[in-house]
Amino acid sequence: MSDEKRSPILIVATGAQDIGKSYQSLKQSIHNAYITQYKRSTLIFDKNGNEFAEYEIDGVKHRIRAIGNTVNDIIAFGNTGFKTPEVRRVSPIHTNRFPFSPEETEELLKICINFYRGGGLILEDFTTMFDGNIPNSIKGLLTNVRHRNCDVVLHLQSMARLNPIMRQNTKVIRYHFQLGSIWDCANDLKGELEIYLIT
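Residues numbered from 1 in each chain as written. Predicted model: local features only at pLDDT ≥ 70, side-chain atom pairs only at ≥ 80, totals over all residues. Heavy atoms only, no water.

(A) Local environment of the nonpolar core. Residues Leu43, Leu121, Leu123, Phe126 and Leu154 are the most contacted members of the largest nonpolar core, which totals 30 residues. Once you skip the residues sitting within four places of it in the chain, Leu154 turns out to touch Ile11, Val12, Ala13, Leu123, Phe126, Ile134, Leu142 and Met166. Membership of the second largest hydrophobic core comes to 13 residues, among which are Ile9, Ile11, Ile30 and Ile64. (Core = buried A, V, L, I, M, F, W, Y, C linked by side-chain atoms within 4.5 Å. Buried < 20%, exposed > 50% of the residue type's maximum accessible area, 1.4 Å probe, protein only. Contact = heavy atoms within 4.5 Å.)

Structure follows, in structure tokens:
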């Protein structure tokens with residue numbers, strides 16, 4: 001994500017928990033919103049409700065405010081509503097603090113991907129909410145992000161979760177420390193396996 005204008009892309013960051021995926025993505029988002037020449041907002045899908053409420057980057061504490069989780073809230077935070085770029089978060093949590101059901105979470109993900117425009121969208125690893133899988137409806141939306149004027153950063157805990165069609169539409173794979181073996185998804189990485197084995 002450089003300062004030059006370019007087409008929006010899908011970025012996938014894979015790696016074990018607490019290895020730095022969120023830290024690196026948030027650091028880049030803060031740079032994009034407040035430092036770079038072509039500033040862009042970032043919306044974080046905060047699956048746990050407050051994981052990103054306060055985050056320390058390079059010794060500076062950042063308070064990431066939440067927006068509502070309706071279509072109108074997400075559209076307003078996109079291109080149309082906020083003149084000054086910011087980093088904000090949205091959570092699959094009801095106002096009574098109860099978590100969304102898997103169906104409600106899937107619907108919120110679809111709303112974020114379909115309606116958020118003009119910035120970056122960070123999707124924390126939500127596969128645990130769906131028995132370790134990415135719903136087909138979400139896979140389809142993630143394969144054509146460039147038509148929505150929105151960079152998407154998808155966090156996954158394993159390369160095995162990234163299906164071949166999504167991998168073919170991914171422009172950048174940020175490969176952090178993995179708990180599983182790359183051999184577990186060797187069949188899906190034909191022609192590219194050597195690159196992953198080197199990392």
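Still to come is the rest of the account.
(B) Geometry of unusual backbone geometry. The backbone of Asp58 sits at a positive phi, close to 50°, despite the residue not being glycine. Topologically, Asp58 is positioned in the loop between strand S3 (54-57) and strand S4 (60-63). Even without a glycine there, the phi angle at Arg97 is positive, about 75°. (Helix = DSSP H or I, 4+ residues; strand = E, 2+ residues; numbered from the N terminus.)

(C) Spotlight on the sheet that holds strand S8 (residues 172-175). Read across the sheet, six strands follow the order S5-S2-S6-S7-S1-S8 without closing on themselves; strand pairing throughout is parallel. Of all strands in the sheet, those bounded by a partner on one side alone are strand S5 (87-90) and S8. Pairs of neighbouring strands in the sheet enclose a mean axial angle of 20°, with direction left out of account. Of the strand pairs in this sheet, strand S6 (residues 119-123) and strand S7 (residues 150-156) are connected by five bridges, and their pairing is parallel. Among the inter-strand pairings, Gly120 is bridged to a residue of S7, identified as Asp151. Against the sheet, helix H3 (residues 102-115) makes contact with strand S2 (41-45), S5 and S6, and its axis sits at roughly 170° relative to S2, the strand it touches most. (Pairing = 2+ DSSP bridges. Axes fitted to C-alpha atoms, helices over the stretch in contact; angles between N-to-C directions.)

(D) How the structure looks around the confidence of the model for the chain. Summarising the model, the chain shows a mean pLDDT of 79, and 81% of its residues fall at 70 or more. Per-element mean pLDDT across the chain ranges from 54 in helix H6 (residues 193-198) up to 93 in S5. (pLDDT = per-residue confidence, 0-100.)

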